[in-house]
Amino acid sequence: MPALTSTACVWCAKTIAGRSSAGSDAARCSKGLTFPDIEDDRVTQETRSALIGAAMKQRNRRTLWRSALVMLGAALVCVQPAVGLAQTSVSTSAERARSEPASRRDAADAFERGLLSEARTLSGTRDDSASLVVRARFAHWDGDDAGALRMTEQAMALAASDSERVDAALAHAELMHLRGDWDKAETLLRDTLSGAPQSMRTRLALGQLLWEQGDRSEATQILEAMAARYNDGLVEDLRELVAVGRGMHLLGRLRDANRALGRAARLAPDHPRVHIAFGELMLAGYNYSEAEDSLNRALEAAPQHPEAHRLMAEIEFFVGGNFGAAEERLSIGGEIAPHHLGIALQRARFAMIRGEWASAAAILDEVLQRAPRHSDAISLLAAVRYLGGDRSGFERARDDFTQHRSRSSMLWRVVGEAAALNNRHAEAVHFFEEALERDPDDAGALAGLGLALTRTGDEARALDVLQRAAREDRFHVRVHNMLELYQRGLRDYLTAPVAPGLRLRAHMDQHELLKAASLPLVDEAHDVFSKRYGQRIEPLIVEIYPEPQTFSVRSVGVPKIDPHGICFGDTVLLRSPADADFNWEMVLWHETAHAYHLRVSESRVPRWFTEGLAEYESGERDASYRRFHDEEIARRLQHGTLPALSELGEAFLAGRGFDVIVAYQLASLAIDYIVEIGGRDAPTRMLRGFAEVPRFDALAPQVLNRSVEALDAGFDAWLRTRYAPLITHPMIDVERVRRMAGGEEVEHADAVEEGVYKALVAALEGRGDQARVLIASARRRAAGAGVQEQARVEAVLVHAFHALGQNDEALRAGRSALDAGLEGPELRLALARAAAQREQLHEALVHAEAASSVNPGSPEAWAMVEERAAVLGEHALARRARLARFELSAHDPGLARALFESSRGELRLRAAERWAAIETFRTEAHLAVASALLELKRPDEAIAAFERAALSDPQRASTIKEDAREQLTRGGWRDKAPLIP
């Protein structure tokens, strides 16, 4: 048998299982999986392509509802609900396993296959050693550790074969290890290994225990013996092969781990244990795509498996950002294992990242009551205490950890990772360095240190550390992507100081223009923020990337994210404005604000607070930079689904898609409220306070002189006053519609409301005949409930009829609701659409105007007013609507250009500047700015605009400059014409 040195991958093993020739160990991976043979720090181009290719695989996620209201809260669009998680399809082999009579399987076999409900049942019917071990595992998952210990002790006494003795001893040792009886566990494992030296699972358990205690030398010897036995062709059992894979993983020999797991996959292509082990291997290297593939295969065979759901939750949380789905995964795993320690630890980790430090600590305290020496739990508790500003609590956790692990680096690595996730990168560097002092070969700490250094601006040192990390862990996707970026990806970039306050990195083809465009804005930002915060960042490091993948890799190490900007303290990363799809100046201002917030708070400001303050400060510079999702906020306020002020941290992290955008505006409104009750300097005082007390609920009462409860109540009352015109009349509960479409049971106020919502969902899903029946039923129910109830039903049915294409019926229903006194932009916009579909343009304009009157912050209402007014020849109204749109639409270059062409004076200049801020690489935009400035007699600023125009089109530069000199001369500034070089 070939030694553990080849590069065959588990995926190949899965796909070629059963073939005679293709099943050889040398089979190449048809999926391009990232398992290259990397020698030292030399990486071939083929290897790099494989690494980046695998990392770039996009995960195809099913969406229950892409949006329930597409129109700032009016036009309802449905996507058919997908199958729920618990209904995951099962592979053919798994179906065969289920169809086998229970008499042909015992509890242990069912447990191994992941048929956990059956295993629980079978284990209760027998009292043999194998059944007792399975019962003990379920007892442990149920929280009965004492009972589990009694069962495993009895199982050891009843064991009738070497295999049963090993199984019982391993289960008993694991439980003793968890309860803190390490000496007894070690003794038992040594005795078991002495009696069964061929047991790879025993070697793994003993090696893991010694490794955790810090005896790496003996642990390595024990684990390396596994490879020797494998290479001699003496490991054929599935569980033993998986143990070899896990042992090699622990040693950092990931290629060998992959090799052993590949062999296991060939023996049992659909066994969940193999897929889970491979998923863990992939997650360790941040190869989320392959991890998800393997875990999905595990869940096809074992839909209840708690470990598979725990690991899938990690992918949902960290990759998809779908925190609700992650919690659902943990809940599914918890159904079969309600006290599973791994699930509890995952919940604690998620709570820590959301800033729910008290909740995380409570979970970890419960875990430590059962497993007082648990390395992961103590390390996470140390991180929670540190992030929450509890220095003494951190020190207690640290001392508990080192009491039994004098040489382990784990705690410092975990705290460093937690600090990095909370944007505290300088502190992360410190913890990673301390971890490496304890264990210079800690691959995770090396990777963390290298990545953290890229965010603190120490790139030269970062490159050296990343190269060391790559040698320690040859399959760490983020490390290799970052190395690829720094060694090759930035060859065409120029990084240089352009002023005391700015160091700029940009592509060579864009550097000069971006320098000219960014420097005035950065200087302005420095002046504003340094005056406000009493300190100046010099230099601010601004990096601008035209390629989305390069931007993403530079940001997080994988090509997975696509925001326009990210701030890492004094370093700001931006997408290039070359795509011309966003207001680049607005994003640069926003991210520069973050840089100052992080500096003042020593990187301890909660994310929601800095995002809200950056939004607020952007709006101070230009009111159009604010977000305008007032109707969505009002809708949630009316239906009681808007988070309280003290809940914004969780809400900000838990949102997805449009909800996140709404959360940004809500956070900005929270700052508005804080300023109103505490003065304009209240946010500044809060930022300074976060440096010492990094929790809003603890700091806010000190700064604002109000309890958290009073702040919550005050913010709610403030919002209700602000949005009184919008919440006076009923609005559709979008979240309820989404849940109903997803098949969930929801509560309704009464039978009338239930009936009309069912009709609406049916119409949105295209079930026309059923929708019409339900519409008639809803109207019958409303008939006996009074005029107002009938009006509410008719207002909802406007949307149902519109979804069915029955616009005449929609208009009749809407008019009936209006006649009964109902009002609101949602109703008016729906009527405007229906009227436009029927080409009743006057009525459409009336409804659009009414919507804009009730909600002046609705870009859609004003767009409809402009369009209808222009068609009807009401040009003054159309122009007023266009101006309103301009103040609400910071990212629309076409609107800015049109307003420039139709305006004069300061408005013409504002429109031109907006156009240039979005289409920074369009020469005409800069020439428009220059023209507007000359009209306003501001030649010096016009000269700078002409220079940017020339830089945007090097081929026309000389012509542009000549025209600029002529315009300056004609304007009476002959003496300034020579200033154009």
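About the cut-offs
- Residues numbered from 1 in each chain as written.
- Predicted model: local features only at pLDDT ≥ 70, side-chain atom pairs only at ≥ 80, totals over all residues.
- Heavy atoms only, no water.
- Helix = DSSP H or I, 4+ residues; strand = E, 2+ residues; numbered from the N terminus.
- Buried < 20%, exposed > 50% of the residue type's maximum accessible area, 1.4 Å probe, protein only.
- Contact = heavy atoms within 4.5 Å.
- Core = buried A, V, L, I, M, F, W, Y, C linked by side-chain atoms within 4.5 Å.
- UniProt positions renumbered as here; feature names shortened; annotations may be inferred.
- 1 Å grid on protein atoms, 1.4 Å probe; cavity = no way out; pocket = protein on both sides within 12 Å on 5 of 7 lines; lining within 4 Å.
- Points joined across faces, edges and corners; volume = space filled by probe spheres on them.
- Phe/Tyr/Trp six-rings, centres within 6.5 Å; stacked < 30°, edge-to-face > 60°.
- Lys NZ or Arg CZ within 6 Å of the ring centre and 35° of its normal.
- Expected span 1.5 Å × (residues − 1).
- Polar contact = N/O pair within 3.5 Å; in protein donor to acceptor, adjacent residues only side chain to side chain.
- Salt bridge = Lys/Arg side-chain N within 4 Å of Asp/Glu carboxyl O.
- Pairing = 2+ DSSP bridges.
- Axes fitted to C-alpha atoms, helices over the stretch in contact; angles between N-to-C directions.
- Parallel < 35°, antiparallel > 145°, perpendicular 65-115°, else oblique.
- Left-handed = near helix turned anticlockwise from the far one by under 90°.
- Nonpolar A, V, L, I, M, F, W, Y, C, P; charged D, E, K, R; others polar.
- Bend = angle between axes of the 7 residues up to and from the residue.
- Right-handed = clockwise from strand over helix to strand, strands pointing away.
- pLDDT = per-residue confidence, 0-100.

Peer 1: Explain the overall build of the chain residue by residue, including any values.
Peer 2: Looking only at helices and strands, one finds 51 helices and five strands in the chain. Taking all 981 residues of the chain together, the buried fraction comes to 56%. Taking as baseline every contact in the chain between residues at least 6 positions apart, the subset at least 24 positions apart corresponds to 61%.

Peer 1: With reference to specific residues and values, describe the nonpolar core.
Peer 2: In globular proteins that are soluble, nonpolar side chains generally tend to be buried together. In terms of nonpolar packing, the biggest core is built from 74 residues, with Met352, Leu364, Leu411 and Val415 touching the most fellow members. The contact partners of Val415, leaving out residues within four places of it in the chain, are Ser379, Ala382, Ala383, Tyr386, Phe394 and Phe431. Formed by 68 residues, the second largest nonpolar core is a distinct cluster that contains Leu502, Val572, Ala595 and Tyr673.

Peer 1: Got a sec to walk through the UniProt feature "repeat: TPR" (unreviewed entry) in the chain? Specific residues and values, please.
Peer 2: Per the UniProt record, the feature "repeat: TPR" (unreviewed entry) sits at residues 272-305, 409-442 and 923-956. For residues 272-305, the end-to-end C-alpha separation is 8 Å, with 79% helix and 0% strand making up the annotated structure. Taken end to end, residues 409-442 is 76% helix and 0% strand, and its first and last C-alpha atoms sit 7 Å apart.

Peer 1: I'd like to hear about the environment of Ala298, residue by residue, with values.
Peer 2: Within the secondary structure, Ala298 is located in helix α15 (residues 288-301). For the pair Ala298 and Arg113, spaced 185 residues apart in the sequence, the C-alpha separation amounts to 9.8 Å. Residues contacting Ala298, with those up to four places away along its chain left out, are Pro272, His275, Ile276 and Ala308.

Peer 1: Could you give me a rundown of the layout of surface pockets, with the residues and numbers involved?
Peer 2: Counted as a void, the second largest pocket has a volume near 660 Å³. Only α27 (511-533), α29 (584-600), α48 (905-918), α49 (923-935) and α50 (939-952) provide two or more residues apiece to the lining of the second largest pocket.

Peer 1: Go over the packing of aromatic side chains with me, naming the residues and quoting the values.
Peer 2: Tallied over the full model, the rule gives 23 aromatic pairs. Aromatic pair Phe317 and Phe318: ring centres 5.0 Å apart, planes at 65 degrees, arrangement edge-to-face. For Phe318, a relative accessible area of 26% gives the class partly exposed. Judged by centre distance (5.6 Å) and plane angle (65 degrees), the ring pair of Tyr386 and Phe394 falls under edge-to-face. Take Tyr386 and Phe394: they sit in the same class, and that class is buried. The aromatic ring of Phe401 is capped on one face by Arg405, whose charged end is 4.7 Å from the ring centroid.

Peer 1: Can you explain helix α24 (residues 443-456)? Please cite residues and give values.
Peer 2: Owing to its 3.6 residues per turn, the α-helix brings residues three or four apart onto one side. End to end, α24 covers 20 Å across 14 residues, agreeing with the expected 20 Å (1.5 Å per residue, within 8%). Burial within α24 is extensive, with 11 of its 14 residues counted as buried. Among the residues of α24, Ala445, Leu446, Ala447, Gly448, Leu449, Gly450, Leu451, Ala452, Leu453, Thr454 and Arg455 are the ones counted as buried. Buried-residue contacts for α24 involve α22 (410-421), α23 (425-438), α25 (459-472), α26 (477-489), α28 (548-556) and β5 (571-575). For α24, the N-terminal capping position is held by Asp442, with its side-chain oxygen 3.0 Å away from the main-chain nitrogen of Gly444. Positive backbone phi, at 95 degrees, marks Gly457, one or two positions downstream of α24.

Peer 1: Residues and numbers for the side chain of Thr454, please.
Peer 2: Along the chain, the position of Thr454 falls in helix α24. Owing to a relative accessible area of 1%, Thr454 belongs among the buried residues under this scheme. Polar contacts involving the side chain of Thr454 include one to the main-chain carbonyl oxygen of Leu451, which spans 2.5 Å.

Peer 1: Residues and numbers for the pattern of salt bridges, please.
Peer 2: Per the stated rule, a full pass over the model turns up 84 salt bridges. Among the salt bridges present, the one from Arg779 reaches Glu794, with a minimum N-O distance of 2.8 Å. Here Arg779, found in helix α40 (residues 768-783), pairs with Glu794, found in helix α41 (residues 787-803); they are 15 residues apart in sequence, far enough to count as distant. The buried category is assigned to Glu794, whose relative accessible area is 11%. Each of Glu631, Glu632, Arg635, Arg636 and Glu826 takes part in salt bridges that share partners, so that together they form one network.

Peer 1: Before we move on, could you go through the sheet that holds strand β2 (residues 502-507) and cite the residues and values that matter?
Peer 2: An order of β1-β2-β3-β5-β4 is seen for the five strands of this open sheet, with the pairing classed as mixed. Both edges of this open sheet fall to β1 (493-499) and β4 (565-567), since each of them pairs with a single strand only. Pairwise comparison of adjacent strand axes, ignoring direction, gives a mean angle of 15 degrees for this sheet. Relative to β5, strand β3 (residues 540-545) runs parallel, the two sharing five bridges.

Peer 1: An account of the packing of helix α7 (residues 145-158) against helix α8 (residues 162-179) is needed here, citing residue identities and associated values.
Peer 2: It is the contact of α7 with α8, at a shortest axis distance of 8 Å, that shows an interaxial angle of 155 degrees. With respect to each other, α7 and α8 are oriented roughly antiparallel. The handedness of the crossing between α7 and α8 comes out as left-handed. Residues Ala148, Leu149, Thr152, Glu153, Ala155, Met156 and Leu158 of α7 lie in contact with α8, whose contacting residues are Glu164, Ala168, Ala169, Ala171, His172, Leu175, Met176 and Arg179. Classifying every residue of the contact of α7 with α8 gives 10 nonpolar, two polar and three charged.

Peer 1: Would you mind going over unusual backbone geometry in detail, with residue names and values included?
Peer 2: Cis geometry marks the peptide bond from Glu538 to Pro539; its omega dihedral reads -5 degrees. With respect to the element layout, Pro539 can be found in the loop between α27 and β3. Phi at Asn423 is positive, roughly 65 degrees, even though this residue is not glycine. For Asn423, a relative accessible area of 22% corresponds to the partly exposed category.

Peer 1: Outline α41, supporting the account with residue identities and numerical values.
Peer 2: Helix length check: α41 (17 residues) gives 25 Å between terminal C-alpha atoms against 24 Å at 1.5 Å per residue, within 8%. Its axis deflected by about 25 degrees at Leu797, α41 carries its strongest bend there. Positive phi shows up at Gly805, right after α41, with a value of about 80 degrees.

Peer 1: So what's going on with the pairing of β3? Residues and values would help.
Peer 2: Among the six residues that make up β3, six are buried, leaving the element largely enclosed by the rest of the structure. Residue alternation in β3 divides its side chains into two sets, Leu540, Val542 and Ile544 and Ile541, Glu543 and Tyr545, and both sets are buried. For β2 and β3, the ladder comprises four bridges, and the chain directions are parallel. In the sheet register, Leu504 faces β3, and the bridge partner there is Val542. Handedness of the crossover is the feature at issue here: the chain leaves β2, passes through α27, returns alongside β3, and the resulting connection is left-handed.

Peer 1: How would you sum up the environment of Ser163? Please name residues and give values.
Peer 2: Here Ser163 lies in helix α8. Residues Ser163 and Ala196, spaced 33 residues apart in sequence, show a C-alpha to C-alpha distance of 8.9 Å.

Peer 1: Lay out the pairing of β1 with the relevant residues and their values.
Peer 2: Where β1 meets β2, six bridges bridge the pair, whose relative direction is antiparallel. Paired with Thr495 across the strands is Arg505, a residue of β2.

Peer 1: Please give an account of the environment of Ser952 that cites residues and values.
Peer 2: Residue position: Ser952 is located in helix α50. Sequence separation between Ser952 and Leu513 is 439 residues; the distance between their C-alpha atoms is 6.3 Å. In this structure, Ser952 is in contact with Leu513, Thr920, Phe921, Arg922, Thr923 and His926, ignoring residues within four places of it in sequence. Engagement of the side chain of Ser952 in a polar contact is seen with the backbone oxygen of Ala949, the distance being 2.6 Å.

Peer 1: Please give an account of the confidence of the model for the chain that cites residues and values.
Peer 2: Mean pLDDT for the chain: 87, with 89% of residues reaching 70 or above. Across the chain, the element-wise mean pLDDT spans from 30 in helix α1 (residues 10-16) up to 98 in helix α34 (residues 682-690). Confidence over residues 1-104 falls short of pLDDT 50; this stretch has 227 contacts with residues more than four positions distant or in other chains.

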